[in-house]
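The chain contents come next:
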Amino acid sequence: MQIVLETFHLIKHQMIGTKEFELIEKAKAGDRLALTELITKYEKTVFSFAFKICRNRDKAENTMQETFMSVLRSLHQFDGKSKFSTWLYRIVVNHCLMMARSEGQKDRFYSIDEEEFNFDEPVVKHWADLPEDRVLSSELRQLLDNAIQKLPPDYRIVFVLRDIEGLSTQETADTLGLSAPAVKSRLHRARLFLRNELRPYFEN
Amino acid sequence: MNLDHTLKTNLTCKEVIAQVCEYLGELPDSPLCVAIQEHLKNCDNCNNFYDQLEKTVKLFKQYNTDFPEGAHKRLLNFLGLSGKSDNE
């Protein structure tokens, strides 16, 4: 029994890193400084991810606050089987989906569930190279905001987790409770949809 | 679209467009991705399409926003943890 327990703790340490594991354990035990350190470590990640989903700074900050409130309430349930960041992403996703539902956003999204992508472009143009600097023009930022906000949240979240946050297909699937093929399918449709939205900017 | 990747290595443009995201994914050495890569080398249209998808993803990656001023303090206040941070 002792060996099993030791192996279990060893795996948990390897999964989430010793320092972070200790921090989480202290926070679970009610250590407010450890909890604050944990929040400080992840607040920017949570805000940035929430912003990429809801495209609004106020809503992103609100989502960040609600996410960490949920963390406070349910940290004792975190078992270390997944990365702490994956667990956090899951909470942010739940808050974003709840917010979208409460705002009755459904009608504003394009339906791409049933839409089969029919590729009928005889000539695919070459798009100009992107600017080297990382500052995007306000026109381009507006275009990106408009494009991604048309995507239903289920697709948007997959796109952001996989392509922007850099999670693997399996990590994304685990975070969202989807199968890997479902993640791949949503990602493919999301990418194609967004590419089509950007076409007029690059081709006109 | 189901393809037997062990048998089929010459893909049509339609097949490449339908599955190009596999190549823009995490298994570049898989038989399907190798077949897509071969096709892209010889097809300007599909190569441009792949390039457009890459640029689309890159643009969204580039789009970031700063962490709001005072957000850390507001967060700790919201959580009832004010005055306990070494960073404040």
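Residues numbered from 1 in each chain as written. Chains lettered and ligands numbered in written order. Predicted model: local features only at pLDDT ≥ 70, side-chain atom pairs only at ≥ 80, totals over all residues.

**Student:** Can you explain the overall build of chain B? Please cite residues and give values.
**Tutor:** When helices and strands are tallied, chain B shows four helices and zero strands. In sequence order, the secondary structure elements of chain B are arranged as α-α-α-α. (Helix = DSSP H or I, 4+ residues; strand = E, 2+ residues; numbered from the N terminus.)

**Student:** Please provide a residue-by-residue account of the overall build of chain A, values included.
**Tutor:** Of the regular secondary structure elements, chain A holds nine helices and zero strands. Listing every helix and strand of chain A by position from the N terminus yields α-α-α-α-α-α-α-α-α. Counting across all 204 residues of chain A, residues that qualify as buried make up 32%. Contacts in chain A between residues far apart in sequence, at least 24 positions, make up 67% of those at least 6 positions apart. (Buried ≥ 20, exposed ≤ 12 C-beta atoms within 10 Å, placed from the backbone. Contact = placed C-beta atoms within 7 Å.)

**Student:** Mind laying out helix α1 (residues 13-23) of chain B, listing which residues take part and the relevant values?
**Tutor:** All of the buried residues in α1(B) are B:Val16, B:Ile17, B:Gln19, B:Val20, B:Cys21 and B:Tyr23. On its buried face, α1(B) sits against α9 (180-203) of chain A together with α2 (31-42) and α3 (44-62) of chain B.

**Student:** Describe the domain arrangement of chain A, with residues and values.
**Tutor:** All names here are of chain A. Its domain assignment divides chain A into domain 1 (1-105) and domain 2 (109-204). Contacts between the two partners involve 13 residues from domain 1, matched on the other side by 15 residues from domain 2. Listed by contribution, the elements that provide at least two residues to the side of domain 1 that touches domain 2 are α3 (32-54) and α5 (84-102). Here the element with the most residues in the side of domain 1 that touches domain 2 is α5; it accounts for seven residues. The class makeup of the residues in the side of domain 1 that touches domain 2 is seven nonpolar, three polar and three charged. (Domains from an automatic or database assignment. Nonpolar A, V, L, I, M, F, W, Y, C, P; charged D, E, K, R; others polar.)

**Student:** Kindly report on the interface of chain A and chain B, identifying the contributing residues and their values.
**Tutor:** Residue-level contacts link 41 residues of chain A with 34 residues of chain B. Residue contributions to the side of chain A that touches chain B peak at 11 residues, all from α3(A). Among the residues forming the side of chain A that touches chain B, the class breakdown is 21 nonpolar, eight polar and 12 charged.

**Student:** Residues and numbers for the packing of helix α4 (residues 57-74) of chain A against helix α4 (residues 71-79) of chain B, please.
**Tutor:** For the pair α4(A) and α4(B), the least separation of the axes is 10 Å and the interaxial angle reads 40°. Regarding the angle of α4(A) to α4(B), the classification is oblique. Considering how the two elements wind past one another, α4(A) and α4(B) form a crossing that is right-handed. In this structure, α4(A) uses A:Glu61, A:Met64, A:Gln65, A:Phe68, A:Met69 and A:Leu72 to contact α4(B), whose residues at the interface are B:Ala71, B:Leu75, B:Phe78 and B:Leu79. For the contact of α4(A) with α4(B), the per-class residue count stands at eight nonpolar, one polar and one charged. (Axes fitted to C-alpha atoms, helices over the stretch in contact; angles between N-to-C directions. Parallel < 35°, antiparallel > 145°, perpendicular 65-115°, else oblique. Left-handed = near helix turned anticlockwise from the far one by under 90°.)

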